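Structural characterization, general
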Amino acid sequence: MKHALIKLAITIGFLLGLLTIPVKAADKGLAIGVLSNSSTFDTSGTYTEGSCCNDQSITTHSNDVDFGSIFAEFTMRSDEGNGGWNIGIEYIPGDSSLGAKSRSETDTDAGGDNSATYTAKAEISDHYTVYVEPVFYPASFLGVYLKGGVSRVTVNSLESLDNGIDSSAYGNSDVYGGMYGVGLRFETPIGVILKTEYSKTQYGTVKMTSESGNGGSISADPEQESIRLGIGYQF
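What comes next is a walk through the structure. (Residues numbered from 1 in each chain as written. Predicted model: local features only at pLDDT ≥ 70, side-chain atom pairs only at ≥ 80, totals over all residues. Heavy atoms only, no water.)

1. Describing a nonpolar patch on the surface
A surface patch of nonpolar side chains, amounting to about 640 Å² of accessible area, comprises Val34, Ile70, Phe141, Val144, Leu184, Phe186, Leu194 and Ile231. Mapped onto the fold, Leu194 is located in strand β8 (residues 192-203). (Patch = residues over 30% accessible without salt bridge, like charges linked within 9 Å, V, L, I, M, F, W, Y side chains within 5 Å. Areas by Shrake-Rupley, 256 points an atom, 1.4 Å probe, with all protein chains shown as cover. Salt bridge = Lys/Arg side-chain N within 4 Å of Asp/Glu carboxyl O. Helix = DSSP H or I, 4+ residues; strand = E, 2+ residues; numbered from the N terminus.)

Right under this line is the structure:
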């Protein structure tokens, strides 16, 4: 994942460099708007109890989430040809759950047969994405664009793992991911813009180790697929 992010950063740097080439801009300015996101979060993870690499639990989970986000982007469109560029930032306010999954287990090391249910759960917050959209305009009002960006998100661990000595508690972790997608952009004469797109974000591996209890550790690989509809205004 680190190599993919490095390649993505180099690509974005190259695209930004292209913007320094003088062009005659027929239309440029700032656009702001909101997006409606219908997303699926798929997470595969491993739980390791203590330092024993042989005592592991591997699981996967999928969760559908609908949420809103806001964006601001600088747009530039050339009057020679049908090309253009959008450079923007998107922010998702609030928290979104990655879902929960439970398992039951009997802990004989806790001084008897103590059965308990462990619940693994996490939520994401402080989600930012910086992106670039090269746009092709087959018509004056319609643009087709590719999308590439880098996302940052905080993953908050909400596990409930407590059964005698077989217990653990985790904190949170900042995770980066690479995002790519494709979309359509509709522009109206009064400045209103409409966007519809598909995007996918592959986050880096989330690794956390409990600072209490049995010292267990978790490792998870989340990814996000989204269908998005947006409306904004270009100044």
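This is not the end of the story, as more comes after the structure.
2. Focus: the environment of Asp126
Within the secondary structure, Asp126 is located in strand β5 (residues 114-139). According to the relative accessible area criterion, Asp126 is partly exposed, its value standing at 36%. Between the C-alpha atoms of Asp126 and Asp174, which are 48 residues apart in sequence, the distance is 9.3 Å. The residues touching Asp126, leaving out its near neighbours within four places in the chain, are Tyr91, Gly94, Arg152, Val153 and Thr154. (Buried < 20%, exposed > 50% of the residue type's maximum accessible area, 1.4 Å probe, protein only. Contact = heavy atoms within 4.5 Å.)

3. Focus on the nonpolar core
Counting residues in hydrophobic clusters, the biggest one holds 10 residues: Phe41, Val65, Phe67, Ile92, Val153, Val155, Val175, Tyr203, Val206 and Ala220. Listing elements by their share of this core, those giving two or more residues are β2 (56-78) and β6 (142-157). Listed in part, the six residues of the second largest apolar core include Leu35, Tyr131, Met179 and Ile193. (Core = buried A, V, L, I, M, F, W, Y, C linked by side-chain atoms within 4.5 Å.)

4. Side note on the packing of aromatic side chains
Considering all chains together, one arrives at two aromatic pairs under this definition. When the centroid spacing of 4.8 Å and the interplanar angle of 35° are considered together, the rings of Tyr91 and Tyr128 count as tilted. Residue Tyr91 is located in strand β3 (residues 83-92), and its partner Tyr128 is located in strand β5; the two are separated by 37 residues in the primary sequence. Taking relative accessible area as the criterion, Tyr91 reaches 25% and is therefore assigned partly exposed. Using a relative accessible area of 38% as the deciding quantity, one classes Tyr128 as partly exposed. Where Tyr233 meets Phe235, the ring centres are 5.2 Å apart and the plane angle is 80°; that geometry is what we call edge-to-face. Exposure remark for Tyr233: the relative accessible area of 37% places this residue in the partly exposed category. Directly above the aromatic system of Tyr131 lies the positively charged group of Lys147, at a separation of 3.7 Å from the ring centroid. (Phe/Tyr/Trp six-rings, centres within 6.5 Å; stacked < 30°, edge-to-face > 60°. Lys NZ or Arg CZ within 6 Å of the ring centre and 35° of its normal.)

No statement about biological role is implied by the geometric values presented.
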